[in-house]
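Coordinates in review
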Amino acid sequence: MQANPQSGGASGTTAQHWPTPDASAPPGGEPCDLVTVPARQGLEAVDILRRGGAPLVGPVLHDGSCDTLGFLVPPGTAAGWDMPGSACTQTSGRGLRVPPLPGAQPEPPVSGTGWLLPPTDTGPVTDPVVLREALGEAARLIEAADNCR
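The sections below set out a description of the structure shown in this document.

Val35, Val60, Phe71, Trp81, Leu131 and Leu135 are the most contacted members of the largest nonpolar core, which totals 21 residues. When residues of this core are traced back to their parent elements, those giving at least two are strand E2 (33–38), helix H2 (39–51), strand E4 (68–73) and helix H3 (128–147). Ranked by residues supplied to this core, first place goes to H2 with five residues.

This part is about H3. Taking 1.5 Å per residue as the helical rise, H3 with its 20 residues ought to reach 28 Å, and the 28 Å between its terminal C-alpha atoms agrees with that figure. If you check which residues of H3 are buried, you get Pro128, Leu131, Ala134, Leu135, Gly136, Ala138 and Ile142. Where H3 is buried, its residues meet E2, H2 and E4. Taking the backbone nitrogen of Val129 as reference, a side-chain oxygen 2.8 Å away marks Asp127 as the first, capping residue of H3.

To continue, consider the pattern of salt bridges. If charged atoms from side chains of opposite charge come close, those side chains can pair. Under the defined criterion, the tally for this structure stands at two salt bridges. A salt bridge links Arg40 to Asp146, with the nearest nitrogen and oxygen atoms 2.9 Å apart. Highlighted residues: Arg40 in helix H2 and Asp146 in helix H3, separated in sequence by 106 residues. Taking relative accessible area as the criterion, Arg40 reaches 42% and is therefore assigned partly exposed.

Across its 13 residues, H2 extends 18 Å between first and last C-alpha, which sits within 8% of the 18 Å expected from 1.5 Å per residue. Taken residue by residue, H2 has Ala39, Gln41, Gly42, Ala45, Val46, Ile48 and Leu49 as its buried positions. Buried residues along H2 sit in contact with E2, strand E3 (60–63), E4, strand E7 (113–117) and H3.

Conventions used here
Residues numbered from 1 in each chain as written. Predicted model: local features only at pLDDT ≥ 70, side-chain atom pairs only at ≥ 80, totals over all residues. Heavy atoms only, no water. Core = buried A, V, L, I, M, F, W, Y, C linked by side-chain atoms within 4.5 Å. Buried < 20%, exposed > 50% of the residue type's maximum accessible area, 1.4 Å probe, protein only. Helix = DSSP H or I, 4+ residues; strand = E, 2+ residues; numbered from the N terminus. Expected span 1.5 Å × (residues − 1). Contact = heavy atoms within 4.5 Å. Polar contact = N/O pair within 3.5 Å; in protein donor to acceptor, adjacent residues only side chain to side chain. Salt bridge = Lys/Arg side-chain N within 4 Å of Asp/Glu carboxyl O.

So, in structure tokens, the structure goes:
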């Protein structure tokens, strides 16, 4: 994930890691947007979503330095995303798509990243409403843990 010159209001951590508009994505697949968050908050959110019992979390990317996680969400999410401490990149399907499932683990759609959770047949992307709730809960848990020091 690379720096986006249009980072408008995103935190320093999340604004540093954006997909490039011409990233080498495999042909086909479903278009998606990308919500990026600091890794600590993202890992907490993944745990919260996975404890929910149902397959509520879709594919998740990590950047090469593991500073940031990226949740693949439905296209159009960026238009209404306003979660503090995170950013949502509207890709309009240009370069960032959920890879089709050929049987083997697909390559990540953004160069310099890897899969924390690769695409599966349980659901192509994370529901942004559910993700927003999990990120909020994760931020509260992190703040509580940090205040106990």
